[in-house]
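Geometric and topological summary
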Amino acid sequence: MDSRSTRRRSQDDRLSGADRAGQRRSLGAEEQGSRYVDRFLGNNLTQRRDSSTTTPIQRALRSFGIPLERLHVMKGHMMQDMCKGLSLQSHAQAKVRMLPTYICSTPNGTEKGNFLVVELCQNQVRTLLVTLYGDGNMSPQMMYKIFDMPEGIMQGEGEALFDFIAQCVSQFLAETISSDTNGSDTNGSELYLPLGFVFPFSCRQTQLDKAELLFWSKGFSCSGVVGKDVVQLLQAAIDRQIKQNKQGEEEASETGGVWLSSWRGRKSSQSTPGPLYRVEVVALINDTVGTMMTCSIEGRACEVAIVADKGSNCCFMAEAYLVETAKETSGRMCVNTEWGWFGDDGTLNDIFTPYDEFVDQESSNPGEKRFEKMVGTLYLGEIVRHTLIALTAEKAIFTGTNAAVLKEKGVLTMQHVLEIINNEDGITEVRRILEVLGLQPSERDCGRVQQICRAVMGRAASLHATGLSAILSYMCQTRELETLIVSVGVEGELFTGYPRFEEILLSVSRLLSPECMATLVPSRDGSGRGAAMVTAVALRLAAQRRAVDQVLAPLRLSRDDLEKVQALMREEMERGLCKETNATASVRMLPTYVSHTPDGTEQGDFLALDLGGTNFRVLVVRVTEEGISMASEIYVIPAAIMQGTGEELFDHIMDCIIDFQMKQKLMAQTLPLGFTFSFPCQQLGLDKALLLTWTKGFSASGCVGEDIVQLLRDAAKRKRHLGMQVVALVNDTVGTMMACGYDDPRCEIGLIVGTGTNACYMEEMRNVGTVEGDEGRMCINMEWGAFGDNGCLDHLFTHFDKVVDESTINPGKQRFEKLISGMYLGEIVRQILMVMVQKELLFQGKPCPKLQTKDIFKTKFLSTIELNGLALGQIRAILNELELDATFEDSSLMREVCQTVSMRAAQLCAAGLAAVVEKMRENRGLDQLSVTVGVDGTLYKLHPCFSRNLQKTLKDLAPKCDVSFLLSEDGSGKGAALVAAVAYRAANAME
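Before going into details, it helps to say that this report is about the structure given with it. (Residues numbered from 1 in each chain as written. Predicted model: local features only at pLDDT ≥ 70, side-chain atom pairs only at ≥ 80, totals over all residues. Heavy atoms only, no water.)

1. Regarding the sheet that holds strand β23 (residues 724-730)
Within the open sheet, the five strands sit side by side as β19-β18-β17-β20-β23. Their pairing is mixed. Of all the strands in the sheet, the pair left with one neighbour each is β19 (627-636) and β23. Looking at each pair of strands side by side, their axes are set apart by 25° on average, direction ignored. In terms of strand pairing, strand β20 (residues 671-677) meets β23 through six bridges, oriented parallel. Counted as the bridge partner of T676 is V730 from β23. Of the strands in this sheet, β17 (604-611), β18 (615-624), β19, β20 and β23 are in contact with helix α19 (residues 646-663), which crosses β19 at around 130°. (Pairing = 2+ DSSP bridges. Helix = DSSP H or I, 4+ residues; strand = E, 2+ residues; numbered from the N terminus. Axes fitted to C-alpha atoms, helices over the stretch in contact; angles between N-to-C directions. Contact = heavy atoms within 4.5 Å.)

The following block contains the structure:
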């Protein structure tokens, strides 16, 4: 199962559990909440509890009242439908469609430039030119022009419609932009104008600038458009118009006449041509998304928008990996819910009144968009009208008068309803409105009509609040937040015309989602200015993407790069194995004198000493027929000893061994000891090895070039300790191979990817030129961390790698290790982040002093940040702990940097391993090699993606090798003891 599905399932589990908990919390305040809802709906819902004596008016009012517990149920159903809409498997069956918009960021206030907008309206085309100044989008300059559509164009050919739109743009530019408009290039020859297209029809959008029309509505039925990319159709029409204008200008130049060049912005003659404009359609949006984008001002992100107008809709910024219908998995993406369709599966049947049924049946799409028909201003007047018709029939209102006018569809408009409910000064104005409609109301009629209008409007506001609460709770839960604080952009006739809409929206949504704090932000021209914002953000992100790719490009390795690394590793391996070239090889290929793996006959107690970093361990390993048992203790090596004298270092080690044997009551025995020594050595025998160089922060004097086993034996003599016998020295890589070999006889390779990195494998003795003998095999300690120290990998070393290398205690050494191991990856990331801050790609270019601190960005943060399903809010919290004030966009980019660095490390490791397995396969003359790699190290074990990326790359580079990976269980301790056990067994056999 893919990781995205796994993350999705865990999110669904959290959603259901968290929603139940939220419902329990809210229902705890149900009694109080019900009083709020009663007040908002303008009627007394407590009458539900006594239905024995009710009047027609009371029944009508009750039908519009929805208890708080029912709103909770509705919220839950909407959240479930949202999840269905986001899922690739269930998307087609979902009523809440959850359409990806491919808008992955909100404005940050830095956007600036000129942006064209074209909005296709009911009977018009609106064109705008919006100029942003990078001032937090507080004072954009806007110019616009509205063009009426010619008769019949809405039902004609699609090409004619788009040609007309292009002509509107052409004429608008001719009348609006003068030749000295800011924004032309340095030669004054061309002005680039990006265009946002507001297209209010159902589309299948696959990119920000690619959307296929699903079906026409709103009276449009142009041929040749359904199933086509409307962005491409508009761009083609604009290109045709440009070509036409150029031809006209050329003809005017030849005759000396004047041509009105729409694309040059002014009347021009042969001698004074105006600037040329290049128009590119870069984004297609709907009005809901535009509303959200206009409400992000002064750097405050707005992440939700509601349009409460003739129709109703909502959009919000979702975690991108949850939007399975889109390919994007990083960051966030705006999702257009299309919640007007909610309830078409019957989930709203119990609150769909008889009056709603009449309105639905009279609509152009019966049975569809049932939620929208309960809340949209296109329908609210009709709901009131049908309610009044029913009450008139029951003689509850308008008795003794002619109310036939109410049977005329559309006679009672939304404007009438608003005027009726907004009149707080008695019923005089209500009477006037009803009389204008042709009714003769009594004073009681006026009061009852006002009650019905308020109930219908209150219900619409409460249903909007319920939908909003579903969105807010979903955002809070999928971001794994205790409290969500968010701005909600709002636009539409219901919001602007109904004074209590804001109060109801906030109060009811707060009752339903107490964990969420929403602030409403009125939108200003969401379909116009909002489209310009989308376009501006798209260009900002595109420019940022180009800059980010430029920074990260040197770290992104191609297949050819990896094959070259594999070939270079193979070449250096051959050089290291050859006696004549070993001394100059960067991969030393050191013989370990380990010629066998465990065969199962080893038994007894063995000591193991594991020295590979600032901590070291002493172990006793008991090998029996039943298996292996161990006891161990960790000891610390102080920095002063690490960098002091060799005698001080080994005396300290011996003190710790004695302490351990005393605690384990082993002082009376002389036990064989296997010594894991994880530093480069030239091994001259199983118990004789010369230290070649210190790594990992060690620099104890008097050790390089000396026999490490003898240094330990000398310390034992100084301490007069006879309770041990050093029989084998191995490094952690060999120990890992041996430990895994005890469990899997196919294990003939050891790999360490942790603080450092190394590999070993079983080589044919005939190929080991540095040791006498041709029979059998010997484990070769590659010491591949030094691969590239001779300059063969210089082409891969980026600026960031060089800076990290120069800051280490061993510049120019262990260069392959510095590209791969955990000790350095965090520092590489930090160097990249500093460059991105300088280029204003992170933190909006604000100074970030904390990033100047060496080693502040630990490699463990890479593992945490790259965890599947980790919400960006959690990444942001991690960064805030480092005093890095990150937005969610910064968090997303931070994740990308970490992924790039860890991916390169895994790929390079795989390229090295591919060289090893291919050499083993060729050595043995096999068509297909089957081998196991024993592996250890925190980077491999704990990083969420490293092992998968390594294995995938290895399979690609070495397809003729079937490689399994077996995690080592204490290779450096258990493995060293097993080497000692095998050596002890062999020695006894010889005796």
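2. Considering the pairing of strand β24 (residues 747-753)
Of all the seven residues making up β24, seven are buried; the element is thus mostly covered by neighbouring parts of the structure. Note that β24 and strand β27 (residues 929-936) share five bridges and pair parallel. Looking across to β27, one finds that C747 is bridged to T932. Here five bridges tie β24 to strand β25 (residues 757-764), and the two strands are oriented antiparallel to one another. If you follow I752 over to β25, its bridge partner there is N758. Once β24 ends, the chain turns through three residues before running back antiparallel as β25. (Buried < 20%, exposed > 50% of the residue type's maximum accessible area, 1.4 Å probe, protein only.)

3. Things to note about unusual backbone geometry
Phi angles above zero are rare outside glycine, and M98 is one such case at about 55°. Checked against the element boundaries, M98 lands in the loop between α4 (68-86) and β1 (99-100). The phi torsion at Y593 lies on the positive side, around 65°, for a residue other than glycine. If you trace the backbone, Y593 turns up in the loop between β16 (590-591) and β17.

4. A word on the sheet that holds strand β12 (residues 312-319)
The strand order across the open sheet formed by six strands is β1-β13-β12-β11-β14-β15, and the pairing between neighbours is mixed. The open sheet has two edge strands, β1 and β15 (516-522), and neither has a second partner.

5. A short note on the environment of T387
Tracing the chain through its elements places T387 in helix α10 (residues 377-393). As a C-alpha pair, T387 and V449 span 62 residues in sequence and 9.4 Å in three-dimensional space. Residue contacts for T387: discarding those within four places in its chain leaves A60, F64, Y355 and I452. A distance of 2.7 Å separates the side chain of T387 from the backbone oxygen of I383, its partner in a polar contact. (Polar contact = N/O pair within 3.5 Å; in protein donor to acceptor, adjacent residues only side chain to side chain.)

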